[in-house]
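Descriptive analysis of the structure
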Amino acid sequence: MKPIHLDDSTFLFVLTGAGVSAESGVPTFRDSNGLWETHPVEKVASPEGFEEDPALVWRFYSQRRAGAKVVKPNAGHFALAAIEQKLGDRFLLATQNVDGLHSKAGSKRVVEMHGSLWKTRCSQCDRAPFADDAEYSADKLPGCKACSEKGTLALLRPHIVWFGENLDPTDLEAISDFFLKAKGKRFVFIAAGTSGAVWPAAGLVKQARALGAETWLVNAEPSANANDFNHVQLGKSGDLLPALLGV
Ligand code: BV8
């Protein structure tokens, strides 16, 4: 397979989804048909779900923390870290994944659009999110110390963007700033390992095309938004990303 032409004036943006972590052994959302313990993920990963049953939601995230502690980055993650070394600030990676594997593989220019499994924040006050990999049991859900010092009881929650919640505006700004820098230059957009089902991530390819990007889908199967791409490469991201990036 011929690598994508990436010269020293090319701007490269990559969007990744759960499929890029699949070869590391992290189950994708589609693998489980969108279900976790018979619950629809959209329900568990939502503010309403947390309101209704915080113990269930903490069990979901504690289980995912336990699973993600023992996995390693795969060739797809390392290829993205390698191309970042080559392109520097003409490269940006936005991931929908919360497993932290891109950073583990050495990627630095990463926007974690849907938050991180490895951060926790207060569900009430605006205390900054903090590093946390604890697995909480139902009978001992974590409370916010800052709130309790003020006499209010508030649960801590995973620092994850749930369905129905807005993405962090600074993250969206970082992506649009990069797109504007790439406008009028050779601009390549790759989406890898994503079903293209979740918004606003699924809409980025169209925004990039409108700015002149050459768009590539790298996925095990055609995504919901496959028609938005100039090129569709079907296969495993662990094989295709190193080949297409020439690293
Ligand atoms: C928002 C954190 C304002 C949770 C996640 C417009 C139209 C319709 C709906 C909406 C819309 N705008 C907003 C919505 C509502 C909603 C949405 O998109 N719903 C969908 C389901 C229809 N979006 C939101 O709520 C977003 N917020 O927009 O706020 C708003 C709100 C309401 C209404 C309007 C506006 C917030 C979305 C973020 C949700 N949080 N993650 C957690 O992880 O616990 S999303 C979560 O699911 C993941 O992060 C991921 O993004 C998504 C699953 O997608 P993928 O990553 O693509 O994974 P998936 O398993 O689906 O696919 C894997 C692919 O890999 C497959 O295609 C497979 O074939 C492929 N694959 C497998 N193995 C490999 C492979 N490919 C290559 N190699 C392999 N080895």
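Residues numbered from 1 in each chain as written. Predicted model: local features only at pLDDT ≥ 70, side-chain atom pairs only at ≥ 80, totals over all residues. Heavy atoms only, no water.

1. Describing the overall build of the protein chain
Test applied: Secondary structure elements follow DSSP: runs of H or I of four or more residues count as helices, runs of E of two or more count as strands, with numbering from the N terminus. The globule rule is 2.2 Å times the number of residues to the power 0.38, and the radius of gyration it is compared with is taken over C-alpha atoms. We call a residue buried when its accessible area falls under 20% of the maximum for its residue type, exposed when it is over 50%, and partly exposed in between, using a 1.4 Å probe and counting protein chains only. The contact criterion used throughout is that any non-hydrogen atoms of two residues lie within 4.5 Å. Where accessible areas are quoted, they stem from the Shrake-Rupley method and a 1.4 Å probe; at the residue level, only the protein chains shown are allowed to cover. Residues counted as positive are Lys and Arg, residues counted as negative are Asp and Glu, and His and the chain ends are not counted. To locate a charge, take NZ of a lysine, CZ of an arginine, CG of an aspartate or CD of a glutamate.
When its secondary structure is counted, the protein chain shows 10 helices and 11 strands. The C-alpha radius of gyration of the protein chain comes to 19 Å, within 12% of the 18 Å expected for a compact globule of 247 residues. Overall, the protein chain is about 60 × 35 × 30 Å in size when its C-alpha atoms are taken along their principal axes. Within the protein chain, the fraction of its 247 residues that count as buried is 48%. The long-range fraction of contacts in the protein chain, counting pairs at least 24 apart against all pairs at least 6 apart in sequence, stands at 68%. About 11,900 Å² of surface is accessible on the protein chain, with carbon and sulfur atoms providing 54% of the total. Where the 27 positive side-chain charges of the protein chain centre and where its 29 negative ones centre are 4 Å apart.

2. Thoughts on the site of the ligand
This is how the line gets drawn: Whether a residue is near a molecule or strand depends on its heavy atoms: if one lies within 4 Å, it is near. Side-chain atoms alone can form a polar contact between residues adjacent in sequence; in general such a contact is a pair of N or O atoms within 3.5 Å, and within protein one must be able to donate a hydrogen while the other accepts it.
Around the ligand, a shell composed of 34 residues is seen, among which Glu23, Tyr61, Arg64, Gly164 and Ser195 lie nearest. Between the ligand and His114, the relevant distance is 2.9 Å, taken from an oxygen atom to a side-chain nitrogen or oxygen of the residue. Residue Asn166 places a side-chain N or O atom 3.4 Å away from an oxygen atom belonging to the ligand. Relative to its unbound accessible surface of 1,400 Å², the ligand loses 76% to contact with the protein.

3. Observations regarding the domain arrangement of the protein chain
To keep it simple, the criterion reads: These domain boundaries are the output of an automatic or database domain assignment. For any pair of parts, buried area is found by adding up, for both, the accessible area (1.4 Å probe) each one loses once the two are put together. For this analysis, a salt bridge means a side-chain nitrogen from Lys or Arg found within 4 Å of a carboxyl oxygen belonging to Asp or Glu. Gly falls in the polar group here, along with every residue not listed as nonpolar (Ala, Val, Leu, Ile, Met, Phe, Trp, Tyr, Cys, Pro) or charged (Asp, Glu, Lys, Arg).
You can read the domains of the protein chain as domain 1 (11-26 + 72-114 + 166-245) and domain 2 (35-70 + 118-160). Put simply, the middle of domain 1 and the middle of domain 2, counted by C-alpha atoms, are 27 Å apart. Contacts between the two partners involve six residues from domain 1, matched on the other side by six residues from domain 2. Interface area, domain 1 with domain 2, both sides summed: about 480 Å², of which 45% is carbon and sulfur. For the domain 1 face of the interface with domain 2, the top three residues by lost area are Val98, Asp99 and His114, together amounting to 59%. Between the two partners, domain 1 and domain 2, sit zero salt bridges. Between the two partners, domain 1 and domain 2, sit one residue pair in polar contact (both at pLDDT 80 or more). Here the residues of the side of domain 1 that touches domain 2 are counted per class, giving one nonpolar, two polar and three charged.

4. As for helix H8 (residues 169-182)
Here is the rule we go by: Expected span of a helix: the number of residues minus one, times 1.5 Å. Directions pointing from the helix axis toward each C-beta atom define the arc.
Helix length check: H8, at 14 residues, gives a terminal C-alpha distance of 20 Å against a target of 20 Å (1.5 Å per residue), a fit within 8%. Among the residues of H8, those classed as buried are Asp171, Ile175, Phe178, Phe179 and Ala182. On an axial view of H8, the arc spanned by its buried residues comes to 100°, and they lie on one face. Facing away from the buried side of H8 by more than 90 degrees, the exposed set consists of Pro169 and Leu180. Looking at the packing, one finds that the buried side of H8 touches strand E1 (10-16), strand E4 (91-95), strand E5 (110-112), strand E9 (186-192) and helix H9 (204-210). Trailing H8 by a residue or two, Gly184 shows a phi angle of about 85°, which is positive.

5. Focus: the pairing of E1
Consecutive side chains of a regular strand alternate in pointing toward one face of the sheet and then the other. The condition is simple: When DSSP finds at least two bridges between two strands, those strands are taken to pair.
In terms of residue burial, E1 counts as a mostly covered element, since seven of its seven residues are buried. Alternating residues of E1 divide into Thr10, Leu12, Val14 and Thr16 and Phe11, Phe13 and Leu15, and every residue in both groups is buried. Examined bridge by bridge, E1 and E9 share seven bridges and lie parallel to one another. In the sheet register, Val14 faces E9, and the bridge partner there is Ile190. Across five bridges, E1 lies against E4 in parallel orientation. Bridging from a neighbouring strand, Thr16 pairs with Thr95 of E4.

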